[in-house]
Amino acid sequence: MSVLRPLDKLPCLNTATILLVGTEDALLQQLADSMLREDCASELKVHLARSLPLPSNVNRPRIDLIVFVVNLHSKYSLQNVQESLCHVDASFFLGKVCFLASGAENALGRDEALPHVWLLRSGAGEPLQHSPEHSREAGPHLPKPPALL
């Protein structure tokens with residue numbers, strides 16, 4: 001197990017690799033599928049992980065962006081992200097990390113969980129995005145989920 005560093009490997013030409021980290025397998029897979037469906041000029045690779053650190057005995061590509069997905073319905077999800085952040089090198093926090101909060105529009109404990117996510121984000125100096133899980137049910141007052149790429 002090792003700390004993820006952004007310059008461990010050389011970049012591949014016209015290729016971007018995104019690592020999605022979160023406890024909700026179905027949500028991560030849905031997000032990965034929607035990213036891969038988008039038409040882009042470069043090759044996009046998406047890897048999923050429940051938590052960090054990643055096993056060090058696996059040959060993995062260079063990670064260009066880490067997206068920590070926090071489900072506001074689950075305290076375990078927030079705790080998992082907090083523990084995973086310890087395994088990311090500080091130089092990754094120069095525009096290569098993003099936090100995505102899911103379930104913000106209808107979470108029961110949103111008023112309690114969102115400030116903790118905000119503190120994570122501000123401590124790392126990285127962007128926080130929120131995405132309605134059911135955009136049709138969310139209503140016209142909520143914005144559409146932001147595009148990550």
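Residues numbered from 1 in each chain as written. Predicted model: local features only at pLDDT ≥ 70, side-chain atom pairs only at ≥ 80, totals over all residues. Heavy atoms only, no water.

### Examining the pairing of strand 2 (residues 43–49)
To be explicit about the condition: Only strands joined by at least two bridges in the DSSP assignment are considered to pair. Labels follow the DSSP assignment, with helices taken as runs of H or I lasting at least four residues and strands as runs of E lasting at least two, numbered in each case from the N terminus. The handedness of a crossover follows from its direction of travel: if, with the strands pointing away from the viewer, the path from the first strand over the helix to the second runs clockwise, the crossover is right-handed.
Of the strand pairs in this sheet, strand 1 (residues 15–21) and strand 2 are connected by 7 bridges, and their pairing is parallel. When the sheet's bridge partners are listed, A16 is paired in strand 2 with L44. Taken together, strand 1, helix 1 (residues 25–37) and strand 2 constitute a β-α-β crossover, and its handedness is right-handed.

### So, the side chain of D89
Let me state the cut-off plainly: Polar contact criterion, stated in full: a pair of N or O atoms within 3.5 Å, where within protein one must be able to donate a hydrogen and the other to accept it, and residues adjacent in sequence count only if both atoms are side-chain atoms. Only heavy atoms enter the contact rule, under which two residues are in contact if any of them lie within 4.5 Å.
Mapped onto the fold, D89 is located in the loop between helix 2 (75–85) and strand 4 (97–102). A polar atom in the side chain of D89 sits 2.4 Å from the side chain of S91. If we skip the residues at most four places from it in the chain, D89 touches V3, L4, R5 and P6.

### Here we look at unusual backbone geometry
Omega for the bond connecting L52 with P53 falls within 30 degrees of zero, at 15 degrees, which places this linkage in the cis form. Residue N14 is not a glycine yet carries a positive backbone phi of 55 degrees. As for its placement among the helices and strands, N14 is situated in the segment before strand 1.

### Topic: the pattern of salt bridges
Basically, it comes down to this: Salt bridge, as used here: a side-chain nitrogen of Lys or Arg that lies within 4 Å of a carboxyl oxygen of Asp or Glu.
Tallying each qualifying case throughout the model produces 2 salt bridges. A salt bridge links R50 to D25; the nearest nitrogen and oxygen atoms lie 2.8 Å apart. Taken together, the residues R50 in the loop between strand 2 and strand 3 (65–71) and D25 in helix 1 connect sequence positions 25 residues apart.

### Points about the environment of R50
Defined as follows: Remark: exposure states derive from per-residue accessible area (1.4 Å probe, protein chains only) relative to the maximum for the residue type, with buried under 20%, exposed over 50%, and partly exposed in between.
The partly exposed category is assigned to R50, whose relative accessible area is 43%. Taking the C-alpha atoms as reference points, R50 and N80, separated by 30 residues in sequence, lie 8.3 Å from one another. If near-sequence neighbours (up to four positions away) are discounted, R50 is found in contact with V21, G22, T23, D25 and N80. At a separation of 2.9 Å, a polar atom in the side chain of R50 contacts the main-chain carbonyl oxygen of T23. Among the polar contacts made by the side chain of R50, one reaches the side chain of D25 at a distance of 2.8 Å.

### As for the packing of aromatic side chains
How we decide: A pair of Phe, Tyr and Trp rings is counted when the ring centres sit within 6.5 Å of each other, with Trp represented by its six-membered ring. The angle between the planes then sorts it: under 30 degrees is stacked, over 60 is edge-to-face, the rest tilted.
Using the criterion set out here, one finds 1 aromatic pair in the structure. Centroid distance F68 to F99: 5.7 Å. Interplanar angle 25 degrees. Geometry classified as stacked. With a gap of 31 residues between them, F68 in strand 3 and F99 in strand 4 connect regions that are remote in the sequence. F99 matches F68 in its accessibility class, with the two residues each being buried.

### As for helix 2
Heads up, the condition is: Note that the arc is computed from the directions linking the helix axis to the C-beta atoms.
Residues of helix 2 that are buried include every one of S77, L78, N80, V81, S84 and L85, and no others. All buried residues of helix 2 fall inside an arc of 160 degrees around its axis, so they share one side.

### So, the confidence of the model for the protein
Formally: Values of pLDDT, ranging from 0 to 100, describe the predictor's confidence in every residue of the model.
For the protein, per-residue confidence averages 78 on the pLDDT scale, and 70% of positions sit at 70 or higher. When pLDDT is averaged over each element of the protein, strand 2 comes out on top at 95 and helix 4 (residues 135–138) at the bottom at 42.

### Re the pairing of strand 3
A large share of strand 3 lies buried, amounting to 7 of its 7 residues. Of the two faces of strand 3, the one holding L65, V67, V69 and N71 and the one holding I66, F68 and V70 are both buried throughout. Relative to strand 4, strand 3 runs parallel, the two being bridged by 6 bridges. When the sheet's bridge partners are listed, N71 is paired in strand 4 with S102. Read from strand 3 through helix 2 to strand 4, the crossover connection turns out right-handed.

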